[in-house]
Amino acid sequence: MRNDLAKILIDETTLQKRVKEMGEQISQDYKDKTPIMICILKGGVLFLTDLIKNISIPLELDFMALSSYGDTTKSSGVVKIKKDIDADITGRHVIIVEDIVDSGLTLQYMNDYFKQHKPASTKICALLDKPKAHKTEIHIDYLGFEVGNEFVVGYGLDYAQKYRNLPYIGILKEEIYT
Ligand code: 5GP
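Residues numbered from 1 in each chain as written. Predicted model: local features only at pLDDT ≥ 70, side-chain atom pairs only at ≥ 80, totals over all residues. Heavy atoms only, no water.

A.B. asks: Mind showing me how you'd approach the environment of F145 here?
C.D. replies: Structurally, F145 is set in strand β7 (residues 142–146). When sequence neighbours within four positions are dropped, the list of residues in contact with F145 reads I10, T14, L15, R18, L127, L128 and D129. (Helix = DSSP H or I, 4+ residues; strand = E, 2+ residues; numbered from the N terminus. Contact = heavy atoms within 4.5 Å.)

Below, the structure written as structure tokens:
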């Protein structure tokens, strides 16, 4: 899989260090609360599992699956729910855990969707952000790293379901997807 990458963008040590800092920040901000962390499948899973190991307060987990990409590297812009959450989030402190913010349309959709259930608060925690790609105003409360507009894989992020198990973030060679 390494041969399919043009380069490693964020190595394992750098990722783990930042994820630990994010977990510690969330532990501080939510002390005396029991947040419910809603992970967006499948890309957010590796980030979520490392993140919660660094959170020292009680928390609950739930999962949601959305799609806007299919097997391509361009967002369709149309968000569909493939799996809804199981928990009742009314009055709860929700933290949405996302792998990467690109256009921001997925998060905007989730935010609007969750608002209908009247949570006590909703915050966004994203590992990566592509600020130049935003098509909507989006505030990320906990952010790992900003990246450029390249298509990245690894650490949960896929291309056509591959590369999720790489322990680092890399840029895919263009010839792999063109
Ligand atoms: P948005 O709705 O913000 O445009 O898209 C967010 C979703 O698109 C992410 O959760 C992720 O699944 C996918 N995505 C956006 N950029 C990338 C990328 O560079 N690599 C991969 N593998 N997925 C991406």
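So, next bit.
A.B. asks: Even after reading the chapter, I still don't get the pairing of strand β2 (residues 36–41), so can you show me in this structure?
C.D. replies: Looking along a regular strand, one sees side chains alternate from face to face of the sheet. Taken across its six residues, β2 has five buried, putting it largely inside the fold. Of the pairings in the sheet, the one linking β2 to strand β3 (residues 60–67) comprises six bridges and is parallel in character. In the sheet register, I36 faces β3, and the bridge partner there is E60. For the handedness criterion, the β-α-β arrangement of β2, helix α2 (residues 45–53) and β3 is classed as right-handed. Across four bridges, β2 lies against strand β5 (residues 93–101) in parallel orientation. Bridge pairing in β5 links M37 to I95. (Buried < 20%, exposed > 50% of the residue type's maximum accessible area, 1.4 Å probe, protein only. Pairing = 2+ DSSP bridges. Right-handed = clockwise from strand over helix to strand, strands pointing away.)

A.B. asks: It is not clear to me how the packing of helix α1 (residues 12–29) against α2 should be interpreted in this structure. Could you clarify?
C.D. replies: Describing two packed helices takes the angle between their axes plus the distance from one axis to the other. It is at 8 Å that the axes of α1 and α2 come closest, and there the two elements cross at 60°. Our classification of the angle between α1 and α2 gives oblique. Note that α1 runs across α2; the crossing there is right-handed. Residues Q16, V19, M22, G23 and I26 of α1 form the contact with α2, whose participating residues are F47, D50 and L51. Class assignment for the residues of the contact of α1 with α2 results in five nonpolar, two polar and one charged. (Axes fitted to C-alpha atoms, helices over the stretch in contact; angles between N-to-C directions. Parallel < 35°, antiparallel > 145°, perpendicular 65-115°, else oblique. Left-handed = near helix turned anticlockwise from the far one by under 90°. Nonpolar A, V, L, I, M, F, W, Y, C, P; charged D, E, K, R; others polar.)

The values are spatial; any link to function lies outside them.
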